[in-house]
Structure formats: C-alpha cells, structure tokens
Amino acid sequence: MTDAVSTPDSPDHALFSRVLSALDIVVFERDEESGAYRLHGASPEWWSQCVDPDHRATLDLSRCSPFLQDYLVGRHPAWEGNLGTIEKSGPWTESDQQGGSMTLEASLLSLGSRKLLLIECLGSSFEDMRSIVQRARERVLAEDLTAKLHRNTETQLIDQLEASERTKDEALTLLQHLGIAALVLDVGGLVTFASRRALEVLGITATDVIGQHWEQVLPLSQPDCVLIQSMLEGSSRMESGGPFCLQGPQARWLAVEIHRDLCHPSRHIMVLSDRTELHALRQALHEQASFHDLVGKSSAMLRVYQLVRDVAQVDTTVLIEGETGTGKELIARAIHSSSTRKHKPFIAANCAGLTDSILTSQLFGHKRGAFTGAIQDQQGLFEAAEGGTLFLDEIGDIPPQVQTALLRVLQEKEITRLGEAKPRKVNVRVVAATHHNLSEDVVRGSFRADLLYRIRIARVSLPPLRERREDIPLLAQSLLGTICASTGKTVERLNPDALRVLMSYSWPGNVRELRSAVEFAVISCKGNEVFPADLPPEIAGTPVGLSPSIFIPLSSQDEKTRLLAALSEAKGNRTEAAKRLGISRATFYRRLVELEIRPF
Amino acid sequence: MMQKKICMLGGFAVGKTSLVRRFVTNVFSNEYHTTIGVTVEKKTVVVDKEDVTLVLWDLYGEDEFQRVRESYLRGSSGYILVMDGTRKSTLETALALHQTVVRTIGAVPFVSIINKADLQADWEIDETAIEHLRGQGWTVLIGSAKLGQGVEEVFGQLATQIVTPSPAPRTSA
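For every chain, the first residue of the written sequence is number 1, and numbering continues from 1 onward in sequence order. The lettering of chains begins at A and the numbering of ligands begins at 1, in the order of writing. Predicted model: local features are reported for residues with pLDDT of at least 70 only, side-chain atom pairs are reported and counted for 80 or more only, and whole-chain, interface and lining totals are derived from all residues. To get the side-chain values, all heavy atoms of the structure are used, and hydrogens and water are removed first.

For the rest of this paragraph, the subject is the overall build of chain A. In terms of helices and strands, chain A carries 23 helices and 24 strands. Computation of the radius of gyration draws on C-alpha atoms alone. For the globule rule, the value is 2.2 Å times the number of residues to the power 0.38. Its C-alpha atoms give chain A a radius of gyration of 59 Å, more than 25% over the compact-globule value 25 Å for 600 residues. Each residue gets one of three labels from its accessible area relative to the maximum for its type: buried under 20%, exposed over 50%, partly exposed in between, using a 1.4 Å probe on protein chains only. For chain A, the residues scored as buried account for 41% of the 600 residues in total. Should any heavy atoms of two residues lie within 4.5 Å, those residues are considered in contact. Look at the contacts in chain A between residues 6 or more apart in sequence, and 59% of them connect residues 24 or more apart. The protein chains shown are the only cover counted for residues, whose accessible areas, like all others here, come from Shrake-Rupley with a 1.4 Å probe. Accessible surface for chain A amounts to roughly 32,300 Å². Of this, 53% is attributable to carbon and sulfur atoms. Distance from the positive charge centre (66 side chains) to the negative charge centre (77 side chains) of chain A: 18 Å. Starting at the N terminus, helices and strands are each numbered in turn, a helix being any DSSP run of H or I of at least four residues and a strand any DSSP run of E of at least two. By the counting scheme adopted, Arg and Lys are positive, Glu and Asp are negative, and His together with the chain ends is not counted. By convention, charge coordinates are those of NZ in Lys, CZ in Arg, CG in Asp, or CD in Glu.

Helix and strand counts for chain B come out as five helices and six strands. Secondary structure of chain B in N-to-C order comes out as β-α-β-β-α-β-α-β-α-β-α. Relative to the compact-globule value of 16 Å for 173 residues, chain B shows a C-alpha radius of gyration of 15 Å, a close match. Dimensions of chain B, computed from the C-alpha atoms along their principal axes, are close to 40 × 35 × 30 Å. Considering chain B as a whole, with its 173 residues, one finds that 52% of them fall into the buried category.

What is meant by a nonpolar core is a set of buried Ala, Val, Leu, Ile, Met, Phe, Trp, Tyr and Cys residues, joined one to another through side-chain atoms within 4.5 Å. In terms of nonpolar packing, the biggest core is built from 52 residues, with Leu117 and Ile119 of chain A together with Leu9 of chain B touching the most fellow members. Apart from the residues within four sequence positions on either side, Leu9 of chain B is in contact with Lys16, Leu59, Val68, Leu73, Tyr79, Ile80, Leu81, Val82, Leu97 and Val101 of chain B. By size, the runner-up hydrophobic cluster in this structure holds 29 residues, among which are Leu319, Leu390, Leu407 and Leu438 of chain A.

Residue and element names in this part refer to chain A. The angle between two axes is taken between their N-to-C directions and runs from 0 to 180 degrees, where each axis is a line fitted to C-alpha atoms and a helix contributes only its stretch in contact. The contact between helix α17 (residues 472-487) and helix α19 (residues 510-524) brings their axes to 9 Å, and the two run at 50 degrees. As summarised for this structure, α17 and α19 are arranged oblique, according to the angle between their axes. You can see that α17 and α19 cross each other, and the crossing is right-handed. Residues Ile472, Leu475, Ala476, Leu479, Leu480, Thr482, Ile483, Cys484 and Thr487 of α17 form the contact with α19, whose own contacting residues are Val511, Leu514, Arg515, Val518, Glu519 and Val522. Considering only residue class, the contact of α17 with α19 consists of 11 nonpolar, two polar and two charged. Here the angle decides the label: under 35 degrees means roughly parallel, over 145 means roughly antiparallel, 65 to 115 means roughly perpendicular, and every other value means oblique. If you view the pair so one helix is near and one far, a crossing is left-handed when the near helix is turned anticlockwise from the far one by less than a right angle, and right-handed when it is turned clockwise. The classification used treats Ala, Val, Leu, Ile, Met, Phe, Trp, Tyr, Cys and Pro as nonpolar, Asp, Glu, Lys and Arg as charged, and all other residues, Gly among them, as polar.

Moving on, we get to the packing of aromatic side chains. For Phe, Tyr and Trp, where Trp contributes only its six-membered ring, two rings pair if their centres lie within 6.5 Å, and the inter-plane angle classes them as stacked under 30 degrees, edge-to-face over 60, or tilted in between. Here the structure, examined in full by the defined rule, presents 14 aromatic pairs over all chains. Their ring planes at 20 degrees and their centres at 6.3 Å tell us that Phe346 of chain A and Phe391 of chain A sit as a pair that is stacked. Linking Phe346 of chain A in strand β15 (residues 346-350) with Phe391 of chain A in strand β18 (residues 389-393), this pair joins segments that are 45 residues apart in sequence. One exposure class covers both Phe346 of chain A and Phe391 of chain A, and it is buried. A centroid spacing of 5.1 Å and a plane angle of 10 degrees characterise the contact between Tyr79 of chain B and Phe110 of chain B, whose relative ring orientation is stacked. Remark: Phe110 of chain B occurs in strand β5 (residues 110-115) and Tyr79 of chain B occurs in strand β4 (residues 78-84); sequence separation between them is 31 residues. We note that Tyr79 of chain B, like Phe110 of chain B, is buried. Here the aromatic residues Phe67 and Trp92 of chain A together with Trp57, Tyr60 and Tyr72 of chain B are joined through ring pairs into a cluster of three or more. The side chain of Arg87 of chain B reaches across the aromatic face of Phe12 of chain B, ending 5.1 Å from its centre. Put simply, a charge is over a ring when the Lys NZ or the Arg CZ is close to the ring centre, within 6 Å, and near the line of the ring normal, within 35 degrees.

Let us now look at the domain arrangement of chain A. Boundaries between domains were set according to an automatic or database domain assignment. Here the domain parsing of chain A yields domain 1 (11-122), domain 2 (179-274), domain 3 (298-463), domain 4 (466-553) and domain 5 (554-600). Look at where the C-alpha atoms of domain 1 of chain A and domain 4 of chain A centre, and you get two points 128 Å apart.

Here we take up the side chain of Arg466 of chain A. Residues and elements named next belong to chain A. Looking at the secondary structure, you find Arg466 in the loop between β22 (458-461) and α17. Arg466 sits in the buried class, given a relative accessible area of 10%. By the criterion applied in these results, polar contacts are pairs of N or O atoms within 3.5 Å in which, for protein atoms, one can donate a hydrogen and the other can accept it, and in which residues neighboring in sequence qualify only through two side-chain atoms. There is a polar contact of 2.2 Å between the side chain of Arg466 and the side chain of Glu323.

Next up on the list: the pairing of strand β6 (residues 114-121) of chain A. All names here are of chain A. A pair of strands is treated as paired once DSSP finds two or more bridges between them. Where strand β1 (residues 25-30) and β6 come together, six bridges link them in antiparallel fashion. Paired with Glu29 across the bridge in β6 is Leu116. Taking the residues between adjacent antiparallel strands as the criterion, strand β5 (residues 101-111) and β6 are bridged by two residues, where Gly112 takes a positive phi near 65 degrees.

Right, dumping it as structure tokens:
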C-alpha cells in the first residue's frame, strides 16, 4: 500500500485487495471528517464471524468490542503525524457469532494523511506463544509448590528438632532433678554423657569423663570390669550387677545397670546406684548377726560378741565355758583374730584323752632321746604358737602333772622341753576351754585352784543352742548355704514345718549337732526345700510344740544307748559316731570313758 | 444504562478469570488457562435500584513475562485486586499493581479479594498481613471462585463504591 490514491478500478487497487486477502488482515481507513472507518479490500473469513454481514464495509464502533472502542477513543501517536510508527493495541479476546472466541490485535499507522486501522486474528504463532507462557507459569507454580513443600518440611523438621531438643532438655532436667547417676557409652565404650549425679558419685568433673573409656572412669577391680564388660557385650545374662567397690581413698560401692539405648542400639546407658551407705548398713547388720564364723543375733550371742571384742583388746588368759558343740574353738579363733596377735599362729590342741607324757610332749616339745621313740628334737605347741594364741580345749581333762607344768608356763612365760633342763622363753596367749564346771573340779580336787585362777582371768560363757533358739533359723539357713556350697546340691530353704521341728528339738549337741542334722537333710532332700522327713529320725520325731525352753537331759542309760547305737551305725568308727551324734571326738571319747563303754 | 469499566488486576494464576467467569456465568473450571491480553465481559447489577453494567476487563496476570499496560487502566471506574492466599508473593504483586493504578489514573474505588479460601489450610497470607492491609484502608474480602464464596460481594461492593462514592479512599500502598 502506498500513499498514492488507488481508485477501486485501478490495477493497484486490485493488487492491494489480493495482498490484504493473502495477509488475512482487515484494513480500515478512518475518515477524519465523519470519524467513520471504511473497509479496504475484501475482508477475511474470520471477520464475518465478528460483525454483522450488513455492516462489513464500515466499522460500527458501537457494535465493536468494548476493548476496541476503548482503544480507538484515546490519542494515538501513530495517527498524529509520526510516519512509520505502527502502534499495536495488544491482544484481546473477542466472542464470535458461533459462541466461540478469537484473539485479535489492532495496529494503527499513518500513510501520509491517511489513518489506517489494521485488525488481525492472532493465529497459531500466538497460540504457540500462549502455550509457552502457560507452560512457563505452570512451571513457576510447580516450583513454587515444591519450594513451599520444602519450606513446610523444613519447618516441620525444625519444629521436630526443637521439640526433640525440648524433650531432651526436659529429660535431662528430669534426670538431673531425679539425681540419677547415668553414663552414656558409645559403641567403643567411650563416655559421651555423664549426669550431674554420676559426676558427684564418681567425684570427678565432666571434662575428666567425656571421651574417656568407662574402665578409666570407674576404678573397679579387674574381675568387676570383666563382669561389666560381659554385661555390655550381652554375653552375660545379667543386666545389673554389684555392688562393685570403687577403689580409691574412700571406697564407694556402686550397683551398675546396663540398658541398651533403644534409639541407638550400639549405645549403652550405664545407670550407677550409690550403695555405699546400704553396703555399710548391710555390713553392720551382718556383723551384728554374725561374728567371725559365729552365727546368731540373739541377745545372748550379742553379749558374747561384745565380750570377745573386749577380751581381744587385752592379752590375758581366757577361759571359754560351754557345752559341747557350742563353738568354743570358734570363740577362741575370734578372740585371736580380733587381737593384736592375729597375724601370728593360732594353734588348737585337744587335751582330752591324752596321757600326761604325750600331752607334755605335745605342749612343750622334747629333746631327741627324751623317751622311747623321741628320735629327734621336737618343738612343742607353745613354741609353735610363738607370738600367737594357743587354744587348749578340754583343759579340765588334763592330768595333774601337766596342770603343774602349765601353771609354770603361764606364770614364768617359759617352757622346758622334755629331756632338756634349760627353759625357753615363750610369748603365747593361752585361751582355754572346757565343758566342765572347773570350780566343782577344784572342790573335787581334780583341778588345781591356782591354775583355775590363772586361766580364768577372763571368762566367756557360751549359751547352749536350746537357750538361744531364735538363732536356729539363721544358723540353719547359714549352714544350709555352706553345706550346699560344699556338696554342690541346690537346696534353697527350709520348709516352715522343718524349721518348727528344728526349733522344738533340744539340741544336746548344740550347733555341731544342728550342722550334722542339716547336712543329713541336704543329703536326703530330693527337691530344693527341706521337709521334716528329710531330717534325722531322732529330730524329725520331735513333738512340735513342746516347751522349747525346757531341756530334759538324757539319762545315763539313754545316752549310753545313743552312743552305742551311733558306734554301731558307724561300724565302730568313733570319729564318725561322734559326728553322727553332733558332738566332738573328744567329748565322745570322754563320754565313752565316763559311761564305761568299751570301744568295739 | 450506566456502564462502568472495572479492571481485574493481580499476579498470574490468582483466579481473576475464574472470579469473572463465576460472577458472569456461574461456572468454575479447575484447569488453569493463562490469559494473554485482555478478555472483556459484561454483567449488569442493580445498585440503589439502578441497573449498572459492569464492563469487566480481565487483564492478564502480572509477572516477569507480562507487565500490565497502563493504557488498559485508563477509563476505569474501579478495579479489583486479586490475591492468591496460598502464595504470599501475590500480595506483593497486588501492592505494586495498586501503586501503578494510583500513579496512572489516580485514586478510584477498589476492592481486594484473597482468593482460594477453599485451600485456607495452605495459606501463606496470614491474618496479620490482612489486618495490615485493612489498616491501610483496603477493603479485603476472603473468597473462593471454586466455592463461589465472596464473589458476588466483591463485585457488588465495588459497584456500590463506584456508584455511590463514599469519602475518598486512602490511596497509600
């Protein structure tokens, strides 16, 4: 199109119309005077969809899209003499007469004084552009959504982390508040956390603990370390153990529990419980209920323990009185162990049933050739016990000559071996024991009064078992444990009925007889509980409910029968017979002599 | 009959076309079709017993691909700022467009609507931000083109403001 006027019948006009038709554009020229828009050339097919067929030749603005109306109302530089300027409206969507829509765009330009309006229907290239923008925006929306999801996830994780931190802080506060002593160990056994209470118990600071191996943190004995390590490794079925002694200037006792961290199975939580005070209390209780190898917490025995402690503090001769089987030798050992002589020898000698020459030789030693059979110099028990304690059991049975020699030893602190003339100095504490009433023996003239006074400087009287029956359950259970340990049998307890029988029995053989009875029961017992039927027949037959405080001594004939029966059962073995009766061999011998029983 | 040009303004995909379609034809589509250019729709409403034809210029959404041509705003009697509650960035776009309108045609009545109330659990525009807008004199409605919620109200309120102007609205952004 040129500025030259082309009349409808000119060749240029025909060419112009064909060009417009080919470009698919509607061209209007604005008449400045009337303001009307006149169509140039043939209109494309789509334009007929937009306008009334009767109004195709001119553009009736009142029938146009509001967008085009609005657009054409304004001022346009392209129509104000700016030649070469093409002004575009931008796309708008127009409804067609078929109920569909099309996207149009108007362009304004001037050719000389002529003002032209071009309207084109945006086709496939526009749709391509729309599609690109659509995809780009959808992508932005999708990325937006993804970013939002990430932000939400991040927020959730932060919230969870904060909640977890809060939980951790609360748990830690609770842990600290509860005073639980806990160590957290990593897979290598290194401490990664220690509670405040744990630091207090261990008496160290966090910097001393964190990163250290638990064995360095807990100064335990090697066997204890091995046990705890086995608990950590799961090779031990135990999850708790102790109390273990923490070695150090002030020993502490700790119980240890091992827990696997459920969140991190490779980690362990070691909970420490300070049992020092409990251990001390138990120790005190144990000491109260027993003394050295003596068992019993009756008031009578407690008095004995205290007496032994008192006696142990001095270095005098002691006389222990008590029936057979009451534990006189144990008392002697307790005195020795509690005294300053405890690191020196403790020698026990039974004076019953020995002739004066044998006893003298045993006590004081002899020189080679002193008597027939003395083939070499022999040290006596006094010398053997040098610095320590000599326990003379059944001292009431020693012959008068030996009594005299013993008196001299106690007075002069020296002994003379048989066959020698020169005395030897000895430093020995003598602890004597008897079941006799030595005062009566003195009256009868069978025991030297001066010796009695010499040996009875300190005196410990042991009550018979029937006078401290409340100790029988404790004693029986203790004996049960000891016997089971030595025999390998597992008998856990005494049935209450069996215990009642034991409590009702008179126990002439005292604790020794009780031990014998429990041993019998352990052998007889088929389960893990001792029943009355498991006890020796003479005990099992005891009527339960008889006044236990009344001891009815056996008549001589009864005792003779018992001794003979025991000897018969033991096939003449006196040691075995004594054991069966729960009395010492010495007592057994003595009773044989007293009852004029001739050994088989 | 009174005719009033109203521009629908807002970021892309906030639901301008959906609000117009719900208002004019009571139709909603879940599919997103981006608007390129302008689509003009008309609907007549009654304000103070007088018919008013609202000429709704549904403009393309503003983003980095398309900026609103200021020429489209000329002759507007009012405009509706549309935001998407699930995208906080559309609030920023609305504020920028509001400034553009004020700069271009001066203070004219407008109403804003936060669309997609049906997804309120996922909203990023919180109550504080809404209160802040209201504090600046904005009329802020909560709506959903999908549910038809707040649609009549937003166009009705704007029509009322246009026909019966109240004291000059604040124009600060």
